[in-house]
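Each chain, letter by letter, is given below.
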Amino acid sequence: MDVQLRPDMNVKSLNKIKILSKFKNVLFSFILLISIIFWWLVSWPINMSPDSLNIWQQVLSGNYFKSHPVSYSLFIKIISINGNYLFIVSFIQLVLFTSAIYFVSYSLSKSHNFSKFISALVIFFPTGGSFATTLWKDVPFTALILIGFVFLKKDWRLSNVAFGIIFLSLGASFRHNGWILIIFCALDRKSTRLNSSHTDI
């Protein structure tokens, strides 16, 4: 969906293409923004489940139980200002999850507009929007893990590896079995690559 410029184009054609490109950028950004705002308002202040109520109670009381990682309860406590403004958590989780979908899509397509469209589509449907606006530890866990894997997928430059490890570590902290799931995903990915290479041979 991104516009490709060619050397043989004249100035008039280039100007038209630049205007069209800017229009597409604004359009897809607007669509993505509408999807985020829609679910933020529909879920106001935030979606809840029995687990969510348990976490919220921990935040309000200050008594933390091992049933949920303390890291997520503290995250909610800080972001919502002692559990009083849960709509802030809803918005931040929406933006974080949307960013993760965008990064994954862009790492595969290399198209900003296409990635915005895919992110908007994922967020607009209940499976994405409702999930992202629920007080669940799985939301930041999933988002941060996806972003971490995107950094590690790029190349093995020190900065990418460092950011990848940071995001994976932050994500893993939101679940008791976080690192186990990450290692399992990494091993499964490696196994898939090996099987693919054998098939090519």
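Described below are features of the structure shown in this document. (Residues numbered from 1 in each chain as written. Predicted model: local features only at pLDDT ≥ 70, side-chain atom pairs only at ≥ 80, totals over all residues. Heavy atoms only, no water.)

## Looking at the environment of Leu60
- Mapped onto the elements, Leu60 comes out in helix α2 (residues 50–61).
- As a C-alpha pair, Leu60 and Asn84 span 24 residues in sequence and 8.4 Å in three-dimensional space.
- Setting aside residues no more than four positions away along its own chain, Leu60 makes contact with Asn82 and Gly83. (Helix = DSSP H or I, 4+ residues; strand = E, 2+ residues; numbered from the N terminus. Contact = heavy atoms within 4.5 Å.)

## A closer look at the packing of aromatic side chains
- Going through the model one piece at a time under the given rule, you end up with 17 aromatic pairs.
- Taken together, a centroid distance of 5.6 Å and an interplanar angle of 65 degrees make the contact between Phe75 and Phe174 edge-to-face. Taken together, the positions of Phe75 in helix α3 (residues 70–79) and Phe174 in the loop between α8 (158–172) and α9 (178–200) put the pair 99 residues apart, joining distant regions of the chain.
- Measuring from ring centre to ring centre gives 5.6 Å for Phe151 and Phe167, while their planes differ by 10 degrees; the resulting arrangement is stacked. Residue Phe151 is found in helix α7 (residues 138–154), and its partner Phe167 is found in helix α8; the two are separated by 16 residues along the sequence.
- On the basis of relative accessibility, which here comes to 18%, the residue Phe151 falls in the buried class.
- What makes Phe167 partly exposed here is its relative accessible area of 21%.
- Among the aromatic side chains, those forming a connected cluster through ring pairs are Trp40, Trp44, Tyr85, Phe87 and Phe91. (Phe/Tyr/Trp six-rings, centres within 6.5 Å; stacked < 30°, edge-to-face > 60°. Buried < 20%, exposed > 50% of the residue type's maximum accessible area, 1.4 Å probe, protein only.)

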